[in-house]
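# A look at the structure
Residue-level listing of the chains:
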Amino acid sequence: MEITKQEIQENREFIRSKVIEHNMASLSDAVKSPKEQMSFIARNDAGEIIGGVTGTIYWQHMHIDFLWVDEAERKQGIARQLMEQIEAYARSMNCRLMIVETFSFQAPGFYRKMGFREFGKIEDHPAGHSFHYFEKWLAK
């Protein structure tokens, strides 16, 4: 056997596909849902992107991948509206749960205001900050 350090995308995808294959074999058909990636984008009157949220649906849950609002446009409710849109979409797709991770210098307070519950936290990562895990149950 030989173990080598490398970065070959094809090999990364092979490993990823094998983990997914194992995971899917472990789940009942009722839990499996098609994977879907989506985004909701906010634009100003000039058509420029001023914010957006991206998410991935799988296994009956919505994972919030990224939420961003241009610094000049913050404090106007854009992030709230984006999250309301993606939550409504998650509900329409019969997601049971929403999950998001955030750093202490990003938006943990915002997610709490949006009804998310913190279920985990890594202190001092990165150094001087913390990493937070949030969930919001839509249906059980």
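The structure displayed is predicted, hence computed values, not measured ones.

With that out of the way, let us pick up the sheet that holds strand β6 (residues 130–137). By definition, the strands of a sheet pair up through backbone hydrogen bonds, in either a parallel or an antiparallel sense. Reading across from one edge, β1-β2-β3-β4-β6-β5 is the order of the six strands in this open sheet, with mixed pairing throughout. The sheet is open, and its two borders are formed by β1 (36–43) and β5 (117–123), each paired with just one other strand. For this sheet, the mean inter-axis angle between neighbouring strands, taken without regard to orientation, is 20°. With eight bridges connecting them, β1 and strand β2 (residues 49–58) associate as antiparallel partners. By the bridge assignment for β2, arginine 43 is matched with isoleucine 49. Across the face of the sheet, helix α2 (residues 78–92) comes into contact with β1, β2, β3 (61–69), β4 (97–103) and β6 while running at roughly 160° to β3.

Bringing the layout of surface pockets into the picture now. To find the voids left in a structure, one rolls a probe of water-molecule size over its atoms. The calculated volume of the largest pocket comes to roughly 800 Å³. Lining the largest pocket are 26 residues; nearest its centre among them are Leu67, Ala79, Gln106, Ala107 and Phe110. Secondary structure elements with two or more residues in the lining of the largest pocket: β3, α2, β4 and α3 (108–113). Considering only residue class, the lining of the largest pocket consists of 14 nonpolar, five polar and seven charged. Its volume calculated, the second largest pocket comes out at about 220 Å³. Along its surface, the second largest pocket is lined by Arg16, Ile20, Asn23, Met24, Ser33, Lys35, Tyr58 and Trp59. Per-element tally for the lining of the second largest pocket: the top contributor is helix α1 (residues 9–26), with four residues. Of the residues belonging to the lining of the second largest pocket, the class tally is four nonpolar, two polar and two charged.

The rules behind each value
Residues numbered from 1 in each chain as written. Predicted model: local features only at pLDDT ≥ 70, side-chain atom pairs only at ≥ 80, totals over all residues. Heavy atoms only, no water. Pairing = 2+ DSSP bridges. Helix = DSSP H or I, 4+ residues; strand = E, 2+ residues; numbered from the N terminus. Axes fitted to C-alpha atoms, helices over the stretch in contact; angles between N-to-C directions. Contact = heavy atoms within 4.5 Å. 1 Å grid on protein atoms, 1.4 Å probe; cavity = no way out; pocket = protein on both sides within 12 Å on 5 of 7 lines; lining within 4 Å. Points joined across faces, edges and corners; volume = space filled by probe spheres on them. Nonpolar A, V, L, I, M, F, W, Y, C, P; charged D, E, K, R; others polar.

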